[in-house]
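# Chains, contacts and geometry: an overview
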Amino acid sequence: AQSVTQLDSQVPVFEEAPVELRCNYSSSVSVYLFWYVQYPNQGLQLLLKYLSGSTLVESINGFEAEFNKSQTSFHLRKPSVHISDTAEYFCAVTSNAGGTSYGKLTFGQGTILTVHP
Amino acid sequence: EPEVTQTPSHQVTQMGQEVILRCVPISNHLYFYWYRQILGQKVEFLVSFYNNEISEKSEIFDDQFSVERPDGSNFTLKIRSTKLEDSAMYFCAGSERNYGYTFGSGTRLTVV
């Protein structure tokens with residue numbers, strides 16, 4: 001079984017400050033990792049994902065996450081946040097089971113990022 | 001960019017009534033999923049669907065739930081007799097073989 005823990009339910013920061021949203025996972029098999037963002041009253045949008053290769057992955061809007069296998073973590077970071085980054089962020093994991101079950105996603109509890117002016 | 005379309009965006013139903021939530025996945029997706037998010041809680045997996053049959057389901061997905069893809073395009077979730085605790089946001093998702101999951105905007109179901 002796999003699980004995801006997001007250590008912070010809410011993270012308030014000021015605009016242009018750096019931010020880190022923490023995510024730890026547990027799984028007995030190799031995993032693929034994702035960060036999704038949910039703006040109020042909207043669906044889930046993929047921010048970035050780690051499937052293989054470089055452990056540092058980046059999104060188009062300045063977020064990055066690093067897969068750390070030894071610490072079973074996939075923390076999300078941004079060096080300078082904007083007001084528009086205010087949203088809820090979900091970390092998710094799936095295993096590379098393949099076959100007919102192409103990997104259900106297991107989500108963390110979510111972290112609400114609030115960026116203050 | 002292709003989208004997953006869900007209808008309706010919001011549905012209010014009386015307890016005990018049947019509801020059908022509809023989704024139009026992206027045409028080249030092969031795997032389909034339903035998730036739900038109870039207000040203030042995390043997103044939970046309900047069911048996955050591949051090759052016209054259920055490939056995996058969670059404990060939540062009991063006999064009151066069913067899914068089908070009747071015409072090769074629409075993907076529906078039916079709740080036979082709704083309960084108050086079924087009130088949630090329901091998300092449809094699809095993916096190809098590359099773990100490129102795409103989610104719809106969701107249907108907010110309110111059971112009164």
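Before any of the text, the structure's been laid out above.
Report on the accompanying structure.

Parameters and conventions
- Think of each chain on its own: its residues are numbered from 1, step by step along the sequence as written.
- For naming, the first written chain is A and the first written ligand is 1, with later ones following in the order written.
- Residue-level local features of this predicted model are given only where pLDDT is at least 70; pairs of side-chain atoms are given and counted only at 80 or more, and the full residue set underlies all totals for whole chains, interfaces and linings.
- Note that the side-chain values use all heavy atoms of the structure and ignore hydrogens as well as water.
- The criterion used for residue contact is that any of the two residues' heavy atoms lie within 4.5 Å.
- We define buried area as the total accessible area lost by two parts upon association, computed with a 1.4 Å probe and summed across both.
- Throughout this description, the term salt bridge denotes a Lys or Arg side-chain nitrogen within 4 Å of a carboxyl oxygen of Asp or Glu.
- Within 3.5 Å is the distance limit for a polar contact, defined as a pair of N or O atoms, with the added protein rule that one can donate a hydrogen and the other accept it, and that residues adjacent in sequence qualify only through two side-chain atoms.
- Only DSSP runs of H or I reaching four residues or more are called helices, and only runs of E reaching two or more are called strands; each is numbered from the N terminus.
- Each residue's exposure class comes from its accessible area (1.4 Å probe, protein chains only) as a fraction of the maximum for that residue type: buried when under 20%, exposed when over 50%, partly exposed otherwise.

Moving on: the interface of chain B and chain A. The figure often quoted for interface size is the accessible area lost as the parts come together. Contact with chain B, which involves 20 residues of that partner, is made by 25 residues of chain A. Carbon and sulfur atoms make up 57% of the area that chain B and chain A hide from each other, which totals about 2000 Å². Area buried by chain B at its contact with chain A is led by B:Lys42, B:Tyr99 and B:Tyr101, which between them contribute 34% of it. The interface formed by chain B and chain A holds 1 salt bridge in total. Measuring nitrogen to oxygen at the nearest pair gives 3.4 Å for the salt bridge that ties A:Lys104 to B:Glu56. Our enumeration of links across chain B and chain A arrives at 3 residue pairs in polar contact (both at pLDDT 80 or more). Looking at the side of chain B that touches chain A, the elements with two or more residues in it are β4 (31-37), β5 (43-50) and β6 (53-57) of chain B.

Moving on, we come to unusual backbone geometry. Residue and element names in this part refer to chain B. For the bond running from Thr-7 to Pro-8, omega is -10 degrees, close enough to zero to count as cis. Mapped onto the elements, Pro-8 comes out in the loop between β1 (5-7) and β2 (10-13). The phi dihedral of Asn-51 is positive, around 55 degrees, even though this residue is not glycine. Looking at where Asn-51 falls in the secondary structure, it is placed in the loop between β5 and β6. Asn-51 gets classed as exposed once you look at its relative accessible area, which sits at 61%. Its identity as a non-glycine residue notwithstanding, Asn-52 has a phi of 65 degrees, on the positive side. Positionally, Asn-52 belongs in the loop between β5 and β6. The class for Asn-52 is exposed, based on a relative accessible area of 57%.

Residue and element names in this part refer to chain A. Mapped onto the secondary structure, Gln-2 falls in the segment before β1 (3-5). Within the structure, the side chain of Gln-2 is placed 3.5 Å from the backbone oxygen of Val-93, a separation counted as a polar contact. There is a polar contact of 3.5 Å between the side chain of Gln-2 and the backbone nitrogen of Ser-95. Other than its neighbours up to four places away in sequence, Gln-2 contacts Ser-26, Ser-27, Val-93, Thr-94, Ser-95, Lys-104 and Thr-106.

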